[in-house]
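Here are the chains, one letter per residue:
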There are 2 protein chains.
Amino acid sequence: MSTETVATAPAPRMTKSVPSHPLAPLTAFELTQAAAIIKASWPAHTDLHFKVVTLQEPPKEEVLAYLNAEHAHQPRPTISRTAFVNYYIRNTNKFHEAIVDLSSGRVLQNILLGKFVHANGDGEEIVRIEKAALEDEGVRAEIAKLQLPEGTVVISDPWIYGSDGVNDEDRMYQCFLYMRDPFNATEADSNHYALPLPISPVISTESMKVIRIDLLPTGVDNTIKSVEKYNIHPPNEYLPECQNLRTDLKPLSVIQPEGASFQVTEEGTSSVLEWQKWKFRVGFNQREGMVLYDVRYDGRPLFYRLSLSDMNIPYADPRHPFHKKSAFDLGDAGAGIMANNLKLGCDCLGSIYYLDAVLSDDKGGAMPMDNVVCIHEQDAGIGWKHTNYRTGRAAVVRSRELVVQSIITVSNYEYILAFIFNQAGEIDYEIRATGILSTQPIDDGIEVPFGTVVHPGVLAVHHQHIFSLRVDPMLEGNDNRLVYDEAHAMPRSDFNPHGIGYYVQETIVEESGGYDIDYDKNRTFKIQNPNVRNPINGKPVAYKIQAPAFQKILADKDSFNYKRAEFSDHNIYVVKHRDGELYAGGTYTNQSRGGTGVRAWADRKENVKDTDFVLYVQVGINHVPRVEDFPVMPCEILKIHMKPVNFFDKNPALDVPPSEQSFNQSQLLSEQHHQATVESKVSHGGSCSAPKL
Amino acid sequence: MSTETVATAPAPRMTKSVPSHPLAPLTAFELTQAAAIIKASWPAHTDLHFKVVTLQEPPKEEVLAYLNAEHAHQPRPTISRTAFVNYYIRNTNKFHEAIVDLSSGRVLQNILLGKFVHANGDGEEIVRIEKAALEDEGVRAEIAKLQLPEGTVVISDPWIYGSDGVNDEDRMYQCFLYMRDPFNATEADSNHYALPLPISPVISTESMKVIRIDLLPTGVDNTIKSVEKYNIHPPNEYLPECQNLRTDLKPLSVIQPEGASFQVTEEGTSSVLEWQKWKFRVGFNQREGMVLYDVRYDGRPLFYRLSLSDMNIPYADPRHPFHKKSAFDLGDAGAGIMANNLKLGCDCLGSIYYLDAVLSDDKGGAMPMDNVVCIHEQDAGIGWKHTNYRTGRAAVVRSRELVVQSIITVSNYEYILAFIFNQAGEIDYEIRATGILSTQPIDDGIEVPFGTVVHPGVLAVHHQHIFSLRVDPMLEGNDNRLVYDEAHAMPRSDFNPHGIGYYVQETIVEESGGYDIDYDKNRTFKIQNPNVRNPINGKPVAYKIQAPAFQKILADKDSFNYKRAEFSDHNIYVVKHRDGELYAGGTYTNQSRGGTGVRAWADRKENVKDTDFVLYVQVGINHVPRVEDFPVMPCEILKIHMKPVNFFDKNPALDVPPSEQSFNQSQLLSEQHHQATVESKVSHGGSCSAPKL
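About the thresholds
Residues numbered from 1 in each chain as written. Chains lettered and ligands numbered in written order. Predicted model: local features only at pLDDT ≥ 70, side-chain atom pairs only at ≥ 80, totals over all residues. Heavy atoms only, no water. UniProt positions renumbered as here; feature names shortened; annotations may be inferred. Helix = DSSP H or I, 4+ residues; strand = E, 2+ residues; numbered from the N terminus. Rg over C-alpha atoms; globule rule 2.2 N^0.38 Å. Buried < 20%, exposed > 50% of the residue type's maximum accessible area, 1.4 Å probe, protein only. Contact = heavy atoms within 4.5 Å. Polar contact = N/O pair within 3.5 Å; in protein donor to acceptor, adjacent residues only side chain to side chain. Buried area = accessible area lost by both parts, 1.4 Å probe. Salt bridge = Lys/Arg side-chain N within 4 Å of Asp/Glu carboxyl O. Expected span 1.5 Å × (residues − 1). Pairing = 2+ DSSP bridges. Axes fitted to C-alpha atoms, helices over the stretch in contact; angles between N-to-C directions. Least-squares fit on C-alpha atoms with pLDDT ≥ 70 in both. Phe/Tyr/Trp six-rings, centres within 6.5 Å; stacked < 30°, edge-to-face > 60°. Lys NZ or Arg CZ within 6 Å of the ring centre and 35° of its normal.

The name given to chain A in an unreviewed UniProt entry is Amine oxidase, with the source organism recorded as Polyplosphaeria fusca. In its Subunit (unreviewed entry) section, UniProt records this for chain A: "Homodimer." As stated in UniProt under Sequence similarities (unreviewed entry), the record for chain A gives "Belongs to the copper/topaquinone oxidase family."

Below is the structure:
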């Protein structure tokens, strides 16, 4: 890496403005200011291609001091606003990482990054890539061999090139070609994934030109046939106007006649949410999308920061060029920049609050992103219930949840991402995978063991989806420990003569590393604060993590896919906190080599006991496609649960008002039905002892 | 077993009535008729204690012929109605199993069952047991030693005795004693589990008298102290009037202004439900509660029968008498008889349809059970979505679910049980565990590794909840096979030079037995019909089972707990179908010995390939109590998913109408907010190709 700083014009002066919260994402003004400061450090008319302009979060130590003052209603310390910038000299491979102090206007760092370090893609770029691919003469010649009907529209899905160590130093795109239904060519939303073509141009981002045209294997083995007349199969459309829609679905609405129970306080680019004793701050940035900060329940600190850290989707077809297909949807693109503009009544049901965001564009301007986060309540069934069989009296409350959600479109796939809070102090992170399978052509009449034919001529290769949730705890304080419990059978003995006894044993995780769940031992990980004890049983307050088991990455340990997807081989990674370490796959994932992400950090083998540590919690799906997943797949749902363990002195949802008809307003459908009167069973006799112990 | 038939009075004549569906539970008339026929086979004035009067389902072969005629609108064959009856000569151990042909009025079988075969408990009996325990002089003497305040009310939770091979031939109850808050003695719903007593009477059901008084160990080891003055800790009430209720929860209602989308056709004691291409029959009986029959989607047969088969809850404390605590909530009691009467607007939200049932009482009479099953729709978030990033057009549908739910109270615990259907051909079985932990006294200031102190003086011992769902498939026909898929990495080779390839391999399960999932291989079980092929890819139609991993029963293989809980050691049991084999723990679980349930059936090692087999799918929780689980626990949720694999020719929910504001009527909460107009994007230009391939 070399440092280049050329000062040719004075840095623009900062206008005095209201100080942002230190964790608030950059404002439009700050975004453009940061870009302008960088531009000013180059000769005029240098065409800079901005890839990332985002907040460089201040050192955690400074932020904690700020948060303490904030919560104590004390004067807050001043913390500089700093921007992190990635940019190219346009159409070169000169990729830079810069840090700009927005308070002073100074460039603190402006480094040319080296080989094998590339930027993410961006929306404007992929449009130009698609154009370059389809206008290339060589590509057109190959397409001509397909002998497609006149007027057929060919589509290019530009894929991040991937890594295999073979002439892959430059930043390239591997374009996969498809066509729209040739007999419905004007339908811009025709499902081109149903008509994949065997031609795959490779484009260099330096020249924005096709440098190679790969032909795809379409048989059972490595054989590549030359391009011949395309066997046009029927289309497979997902648009509603192409279906015989069901006519028997009756409307269902969620009504909150007195409004919602949450409060949103918008403070510029971040917002504070308060709901049912929860309080936290929400931000939104280009890479991570939604980020939650300073999550507290009833004033008690729980999490400093919660965010999706990255996801990796490696594919199973070992043949060129598919062996390189291994997407890092956050690092290669960005969950913020790909977020959907959520539509009232389409994406979200009930009483909905939307948050906007502002991100940067490739020219260093500010780009508004409307409705990228939606917030709403939902009913989640019964929260708890008990009926005393002797009296018949039931005590029941319903579970109300708060949903903070974003939806991202990553070319063919969609992911619906939500943080879900309930009244029992629990937080879920829910991921729904939907959208369209990534497809490739296959000859008729054959099948392969590494994919499923989902439509005539269409192969959907098996792939894994591996997600990494970054959990930075501050459970009643910043020094926490990670432990795991296991349940073991007691051996037979005088104490256990009948062979049925079992006990739970706790082990402290001392060192950074990758750890796994083990259902045969009921191994359960918990974040604990040993300095804060439960008033009932004296155990350390804790939150346990319940994340489903999954098959770890199947790529072998010597492969690029394995080396790059550093989080994909363990259920949990725990590392000592270091400012700036946010992305489990490393900061730069595009065509990466690995070695800069969580596996490398964990290998530092640092103490993580009774200190400030960060967890990366992984969940995944081994997606073996089925015909039902095409043309669009029904949501596949994954959830990570975080639940209090001996953190409270009783069920924290005990004080939720009882579930009653007067409140819930349900309707009885059964006509010949005798519904027992719902009597009020408040006992007017004997008083209760004081509710608190 | 010996046969006793004494004919002293002619059997009552059957009144001619409309024939029931062969799978419909017994009507009130049939219940009383069956009991009367049995009574008539004994000398007049013999006091019979009826334990079970239920339908003996006809042989499957006969029913299938009936169903075929039913679905083809052909004349239906006549099938005899048969009742299965368990009864005692009251206050003896003479326990009988009888089969009564209701059509002819004849007793087909009336057998005295032998040693170690006992009936379930029943509601009337446990009330008498509680009375007997608390009126016993010896028990009163022990209670007196506690020196409780004047007017203290002592409660007895009668527990099924359990098995340990030590003088346990007779049917007994192990009663655990508690007291109500002594300073609020008139509150009949005071949470007595917060005040456990160290005295445990044992009652024989023959004499209905206390035959032994056990004292409970309350320290860390086996030491039993003599009863001394009770250290009265504060209470821990769950009643809403004892809480400082939250005041900031706003109402949330679910409205279906045009009514619900489902149709219920009540046909006596069973009902037919139709909803979004689903059609199935619902019955309800004393042991299993809800049972679903003849489940079809779009007319295609899927499941012959779905039911909860049993659940086992073994406890971890090895000390007498706790070592015997191992409940079989269906076999020992019954999910039907324990079902809650569901209250409109309390238990169920939205537009609700209730089903009633009728069960038998201990005298052979009919007992109406109102509102034991509720049926309603619910919104489940987005069903599928795709946005074409090039045009910005989103296609999105919401997921609507149908819920068929029942709630059971088993003394201290509650289980909320639901079959959930969606529009993508998927069925879930959801279990929520809630209610109150089973508690026992513990001395102050100590802790034990086999339980958690959840309140001063209150120990909640670790325990497992292991559920068994019985799945009798008829996937497009009665001869099915069970297979499992595993995903394996390809070795490096010329075909896989980069080490990233993987493939899926299918294995057929040939023989009955217990099988396990294995996440490290992504082992996934599927029910298949190899005679029916997917039109797209030629693969056999299938449904896969997704059930979470859990720690199998920890009791060792020589223990009674292990031997009795025959389903608790594997994720899946598969056995050849045999009429009458319905209950995975065996027909008679109370104080059982094992050997008559699914493990024994599987050991017959029969062929299960391409034949009529039955699956038992297990899920479980190792419940390590936390303070938050007391006084009532927030629901812990388990789900079994069953999803189509290559059963349909595309996403079966593709024809769900798009999610639109005009239908959903969401409300915008953000005031300063610009919500983009939801434009109708129906393309009036180019037509779609025919929707079907």
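1. Comments concerning the overall build of chain A
Looking only at helices and strands, chain A features eight helices and 34 strands. A compact globule built from 693 residues would reach a C-alpha radius of gyration of about 26 Å, and chain A, at 28 Å, matches this within 12%. By principal-axis analysis of the C-alpha atoms, chain A measures approximately 90 × 70 × 60 Å. Counting only residues that meet the buried cut, chain A has 64% of its 693 residues in that class. Considering only contacts in chain A between residues 6 or more positions apart, those separated by 24 or more positions represent 67%.

2. Here we look at unusual backbone geometry
The omega angle of the peptide bond from His-320 of chain B to Pro-321 of chain B is 0°, so this bond is cis rather than trans. Note that Pro-321 of chain B resides in the loop between strand S15 (300-314) and strand S16 (326-328). Each neighbour pair has its own omega, and for Phe-630 of chain B with Pro-631 of chain B the value is 0°, a cis peptide bond. With respect to the secondary-structure elements, Pro-631 of chain B resides in the loop between strand S32 (613-623) and strand S33 (633-645). Of note in the backbone geometry, Glu-476 of chain A takes a positive phi value of approximately 50° without being a glycine. Backbone geometry places Gln-665 of chain B, a non-glycine residue, at a positive phi of 55°. Along the chain, Gln-665 of chain B turns up in the loop between helix H8 (661-664) and strand S34 (667-668). By relative accessible area, Gln-665 of chain B is classed as partly exposed at 45%.

3. Overview of the UniProt feature "modified residue: 2',4',5'-topaquinone" (unreviewed entry) in chain A
Residues and elements named next belong to chain A. Per the UniProt annotation, the sites labelled "modified residue: 2',4',5'-topaquinone" (unreviewed entry) are Tyr-413. In this view, Tyr-413 contacts Tyr-315, Ile-408, Thr-434, Gly-435, Ile-436, Leu-437, His-463, His-465, His-623 and Met-633; residues no more than four positions away in its chain are not counted. At a separation of 2.8 Å, a polar atom in the side chain of Tyr-413 contacts the side chain of His-463.

4. A look at the interface of chain A and chain B
Taken together, the contact between chain A and chain B spans 204 residues of the former and 204 residues of the latter. Note on chain A versus chain B: buried area summed over both sides is about 17500 Å², and carbon and sulfur give 54% of it. Inspection of the chain A/chain B interface yields 18 salt bridges. In this structure, the salt-bridge partner of Asp-556 of chain B is Arg-492 of chain A, at a minimum N-O distance of 2.8 Å. At the boundary of chain A with chain B, the tally comes to 111 residue pairs in polar contact (both at pLDDT 80 or more).

5. Here we look at helix H3 (residues 123-135) of chain A
Residues and elements named next belong to chain A. Here H3 contains 13 residues, and its C-alpha end-to-end distance of 19 Å stays within 8% of the 18 Å for a straight helix at 1.5 Å per residue. Every buried residue of H3 is accounted for by Glu-125, Ile-126, Ile-129, Glu-130, Ala-132, Ala-133 and Leu-134. For H3, the secondary structure elements touched by its buried residues are strand S2 (48-55), helix H4 (137-145), strand S6 (154-160), strand S7 (172-179), strand S8 (199-204) and strand S9 (209-215). A side-chain oxygen of the first residue of H3 lies 3.1 Å from the backbone nitrogen of Glu-124; this N-cap is Asp-122.

6. Examining the pairing of strand S9 (residues 209-215) of chain B
Residue and element names in this part refer to chain B. Judged from the six bridges that link them, strand S8 (residues 199-204) and S9 form a sheet pairing that is antiparallel. Paired with Val-202 across the strands is Arg-212, a residue of S9. The loop that links S8 with its antiparallel partner S9 comprises four residues; one of these, Met-208, has a positive phi angle of about 55°.

7. Section: the sheet that holds S8 of chain B
Residue and element names in this part refer to chain B. The four strands lie next to each other as S6-S7-S8-S9, forming an open sheet whose pairing is antiparallel. In the strand order of this sheet, the two ends are held by strand S6 (154-160) and S9, each with one partner. Neighbour-to-neighbour, the strand axes of this sheet turn through a mean angle of 30°, independent of strand direction. Each of S6, strand S7 (172-179), S8 and S9 is contacted by helix H3 (residues 123-135), which is oriented at about 125° to S6, the strand it contacts most. Against the sheet, helix H4 (residues 137-145) touches S6, S7, S8 and S9, its axis set at about 30° to S9.

8. Here's the deal with the sheet that holds strand S22 (residues 439-441) of chain B
Two orientations exist for strands paired in a sheet by backbone hydrogen bonds: parallel and antiparallel. Residue and element names in this part refer to chain B. Here we have three strands laid out as an open sheet, ordered S22-S24-S23, and antiparallel in their pairing. Lying at the two open borders of the sheet, with one neighbouring strand each, are S22 and strand S23 (451-455). The mean angle between the axes of side-by-side strands here comes to 40°, regardless of whether they run parallel or antiparallel. Here three bridges tie S22 to strand S24 (residues 458-461), and the two strands are oriented antiparallel to one another. What sits directly across from Pro-441, in S24, is Val-458.

9. Comments concerning helix H2 (residues 60-71) of chain A
All names here are of chain A. In this model H2 runs 16 Å from its N-terminal to its C-terminal C-alpha over twelve residues, within 8% of the 16 Å that 1.5 Å per residue would give. Residues of H2 that are buried include every one of Lys-60, Val-63, Leu-64, Tyr-66, Leu-67, Ala-69 and Glu-70, and no others. Here the buried face of H2 lies against strand S13 (278-285), strand S14 (289-297), strand S15 (300-314) and strand S25 (463-473).

10. Quick word on the UniProt feature "domain: Copper amine oxidase catalytic" (unreviewed entry) in chain A
Under the UniProt annotation, the feature "domain: Copper amine oxidase catalytic" (unreviewed entry) is placed at residues 253-654 of chain A. Annotated as 4% helix and 51% strand, the span residues 253-654 of chain A places its first and last C-alpha atoms 28 Å apart.

11. Topic: the relation of the copies chain A and chain B
When chain A is fitted to chain B, the residual RMSD is 0.0 Å, and the transformation amounts to a turn of 180° plus an axial shift of 0.0 Å. Between the two chains, the operation in question is that of a two-fold axis. Within chain A, Val-254 of chain A has its C-alpha nearest the rotation axis, a separation of 2.3 Å. When you check the interface residues of chain A against chain B, 100% turn up at the interface there too, and the contact is symmetric in its surfaces.

12. Describing the side chain of Ser-41 of chain B
Residue and element names in this part refer to chain B. If you trace the backbone, Ser-41 turns up in the loop between helix H1 (28-40) and strand S2 (48-55). By relative accessible area, which is 6% here, Ser-41 ends up buried. A distance of 2.5 Å separates a polar side-chain atom of Ser-41 from the backbone oxygen of Ile-38.

13. Considering the pattern of salt bridges
All names here are of chain A. Considering all chains together, one arrives at 106 salt bridges over all chains under this definition. Lys-51 serves as the salt-bridge partner of Asp-122, at 2.7 Å between the closest nitrogen and oxygen. On the criterion of sequence distance, the pair formed by Asp-122 in the loop between strand S5 (106-112) and H3 and Lys-51 in strand S2 is long-range, its members being 71 residues apart. Residue classification places Asp-122 among the buried residues on the basis of a relative accessible area of 14%. For Lys-51, a relative accessible area of 3% puts it in the buried group. Each of Asp-47, Arg-90, Asp-362 and Lys-363 takes part in a single network of salt bridges with overlapping partners.

14. Remarks on the packing of aromatic side chains
Geometrically, a pair of aromatic rings is defined through the distance of the ring centres and the angle of the planes. All names here are of chain A. In this structure the tally under the stated criterion is 44 aromatic pairs over all chains. Centroid distance Phe-328 to Phe-567: 6.5 Å. Interplanar angle 90°. Geometry classified as edge-to-face. Separated by 239 residues along the polypeptide, Phe-328 in strand S16 (residues 326-328) and Phe-567 in the loop between helix H6 (560-564) and strand S31 (572-576) bring together distant segments of the chain. The exposure classification of Phe-328 matches that of Phe-567, with both residues buried. Through a chain of ring-to-ring contacts, three or more aromatic side chains come together here, namely Trp-278, Phe-280, Tyr-297, Phe-303, Phe-421, Tyr-543, Phe-647 and Phe-648. The positively charged end of Lys-325 is found above the aromatic ring belonging to Trp-159, 4.7 Å away from the centroid. Directly above the ring of Phe-176 sits Lys-325, whose terminal nitrogen or CZ lies 5.3 Å from the centroid.

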